[in-house]
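Structural characterization, general
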Amino acid sequence: MGNSAYIGPQGMGLFGMSSPRLFKEDSNTNAGDLTGQMLAYISLLPIAILVGFVTLIVFKRELHTISFFGGLILNEGLNWVLKHILQEPRPCGGAHASLTTEYGMPSSHAQFIWFFVVYFFLFLYLRMHQTNNARCVELLWRHILSIILLSMALAVSYSRVYLMYHSGRQVLYGGVAGSVVAVVWFFITQELLTPLFPRIAAWPISEFFLVRDTSLIPNILWFEYTVTRSEARNRQRKLGTKVQ
């Protein structure tokens, strides 16, 4: 990479994620490095995932989604602890002077994205398999989604090395840590938390905030579609009766 590397997102924001602002430094930047610029934006995927989770929680208020998000937060907290225990410096040699932490082991981006992807894999192939008789078309979209998620994780991981925020070793250990935490948190959610979801959903505070448990519904998208369509048709019939 040398002096042609594109220096990506500046600063470290919430949970160790890079902030959206991009910068270039004279000794390390080539304005024509389109690969670096593309990878810099790819490295912002964790922020997009966080925004997506907050949006889902606000509008859906589903307990498994909240648990998934809680696992992401715990994973980021573990990354912060590991960085301050290991205290291994980044390989950038001062190229990223605006970073709020000089420690790079393990990579927070790699740990975040591999937690997200591995947990999603387990959800697709274990939890949905247990609750739904998958047909060929449903299995196909699961496989396609898995390939997209895997490509996304590999791209984010590679971006951290290319942009000189982390060494390959730091990214590798971050990916391993995120994957292990994802497996542990998935089984905690499935075996310990999911049986408690009906009770939690019945709490007065949960009912006040419309928090719900959909763990027993095999295909929530199809369920919401059919219920909404049925209700819309019933209301349309009632409206037509009143008009007549």
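Presented here is an overview of the structure given in this document. (Residues numbered from 1 in each chain as written. Predicted model: local features only at pLDDT ≥ 70, side-chain atom pairs only at ≥ 80, totals over all residues. Heavy atoms only, no water.)

Things to note about the environment of A201
Its location among the elements puts A201 in helix α7 (residues 197–201). Sequence separation between A201 and D213 is twelve residues; the distance between their C-alpha atoms is 6.1 Å. Non-local contacts of A201, meaning those with residues more than four positions away in its chain, are made with L63, S206, E207, V211, R212 and D213. (Helix = DSSP H or I, 4+ residues; strand = E, 2+ residues; numbered from the N terminus. Contact = heavy atoms within 4.5 Å.)

Comments concerning the packing of aromatic side chains
A full pass over the atoms with the stated rule returns twelve aromatic pairs. Relative to F116, the ring of F53 has its centre 6.1 Å away and its plane inclined at 85°; by these criteria the two rings are edge-to-face. Here F116 lies in helix α4 (residues 108–131) and F53 lies in helix α2 (residues 45–60), a separation of 63 residues in the sequence. Pair check on accessibility: F53 and F116 agree, each one buried. Ring plane angle 20° and centroid distance 6.0 Å describe the contact between F115 and Y119, whose orientation is recorded as stacked. Separated by four residues within a single helix, F115 and Y119 lie in helix α4, roughly one turn from each other. Like F115, the residue Y119 is buried in the burial classification. Of the aromatic side chains, those joined through ring pairs into one cluster are F53, F68, F69, F115, F116, Y119, F120, F186 and F187. Taking the ring centre of Y165 as reference, the NZ or CZ of R160 above it sits at 4.2 Å. (Phe/Tyr/Trp six-rings, centres within 6.5 Å; stacked < 30°, edge-to-face > 60°. Buried < 20%, exposed > 50% of the residue type's maximum accessible area, 1.4 Å probe, protein only. Lys NZ or Arg CZ within 6 Å of the ring centre and 35° of its normal.)

Observations concerning the environment of F121
By the secondary structure assignment, F121 is in helix α4. The spatial distance from the C-alpha of F121 to the C-alpha of L149 is 8.7 Å, given a sequence separation of 28 residues. Every residue in contact with F121, bar those within four places of it in the chain, is listed here: S146, L149 and L150.

Some words on α2
Helix length check: α2 (16 residues) gives 22 Å between terminal C-alpha atoms against 22 Å at 1.5 Å per residue, within 8%. Taken together, the buried positions of α2 are P46, I49, L50 and F53. Projected down its long axis, α2 carries its buried residues within an arc of 100°, all on one side. In this structure, α2 carries V51 and F59 as exposed residues pointing more than 90 degrees from its buried face. Downstream of α2 by one or two residues, R61 has phi in the positive range, about 55°. (Expected span 1.5 Å × (residues − 1). Arc of directions from axis to C-beta.)

Notes on the nonpolar core
Counting 31 residues, the largest nonpolar core has I113, F115 and F116 as the members making the most contacts within it. Among the secondary structure elements, those contributing two or more residues to this core are α1 (34–42), α2, α3 (63–86), α4, α5 (136–162) and α6 (168–193). Counting residues per element, this core draws most heavily on α4, which supplies ten residues. If we ignore the near neighbours within four places in the chain, the residues touching F115 are F68, G71, L72, N75, G178, S179, V181, A182 and W185. (Core = buried A, V, L, I, M, F, W, Y, C linked by side-chain atoms within 4.5 Å.)

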